[in-house]
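An overview of the molecular structure
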Amino acid sequence: MTADDSFGRLDDDDYPAYTMGRAAEMLGTTQGFLRAIGEARLITPLRSEGGHRRYSRYQLRIAARARELVDQGTPIEAACRIVILEDQLEEAQRINAEYRRADEVVNPTAAV
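Summarised in this report is the structure supplied together with it.

Definitions and cut-offs
Residues numbered from 1 in each chain as written. Predicted model: local features only at pLDDT ≥ 70, side-chain atom pairs only at ≥ 80, totals over all residues. Heavy atoms only, no water. Salt bridge = Lys/Arg side-chain N within 4 Å of Asp/Glu carboxyl O. Helix = DSSP H or I, 4+ residues; strand = E, 2+ residues; numbered from the N terminus. Buried < 20%, exposed > 50% of the residue type's maximum accessible area, 1.4 Å probe, protein only. Core = buried A, V, L, I, M, F, W, Y, C linked by side-chain atoms within 4.5 Å. Contact = heavy atoms within 4.5 Å.

Attention now goes to the pattern of salt bridges. On inspection of all chains with the given rule, the structure shows 8 salt bridges. A salt bridge links Arg61 to Asp13; the nearest nitrogen and oxygen atoms lie 2.6 Å apart. One end of the pair, Arg61, is in helix α4 (residues 57–71); the other, Asp13, is in the loop between α1 (3–9) and β1 (18–19), and 48 residues separate them in sequence. By relative accessible area, which is 46% here, Arg61 ends up partly exposed.

As C-alpha cells, this is what we get:
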C-alpha cells in the first residue's frame, strides 16, 4: 500500500482510523464507555495486528449518540438498543425512498 492509498482511506467513513484512546478523547468519554457499548454490541471495533481496538468515523457517530442518551439518564443497555433501532429506521427509510424513486421511473403517472 502506498502513502496515497493510506491517505485516500481517511475519507472512508468505515476505515478504522482511531485508536481507543483517541476515540474516547474525541467523544469526551472514557475507554470504559467504549468497552461497554462494545459489550452491548452497539459497535464492534476492528482490531489492529497487535490486538488494539480501532474505530471508524461511523462508529464514533454511533457512540456519540449513545453517549448523548446516557448523559440524559438512559441506562447504557437501553441507549444502545435505541441507537440500533434509530439506525435501522434510518436505513429502512432510505430503502423506502429508493423504492419510491424506482417506482416513479417505472410508473410515472402513479400517485404516491
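A positive phi is found at Arg41, a non-glycine position, where the angle reads about 65°. Tracing the backbone shows Arg41 in the loop between α3 (31–39) and β2 (46–47). Residue classification places Arg41 among the exposed residues on the basis of a relative accessible area of 70%.

Now for the nonpolar core. With 18 residues, the main nonpolar core has Leu34, Ile37, Leu42, Ile43 and Tyr55 as its most contacted residues. Counting only elements with at least two residues in this core, the list comes to α2 (20–27), α3, α4 and α5 (76–106). Ranked by residue count, the leading element in this core is α4, at 5 residues. Apart from residues lying up to four places away in sequence, Tyr55 is in contact with Tyr15, Pro16, Ala17, Tyr18, Thr19, Met20, Ala23, Leu34, Ile43, Pro45 and Leu60.

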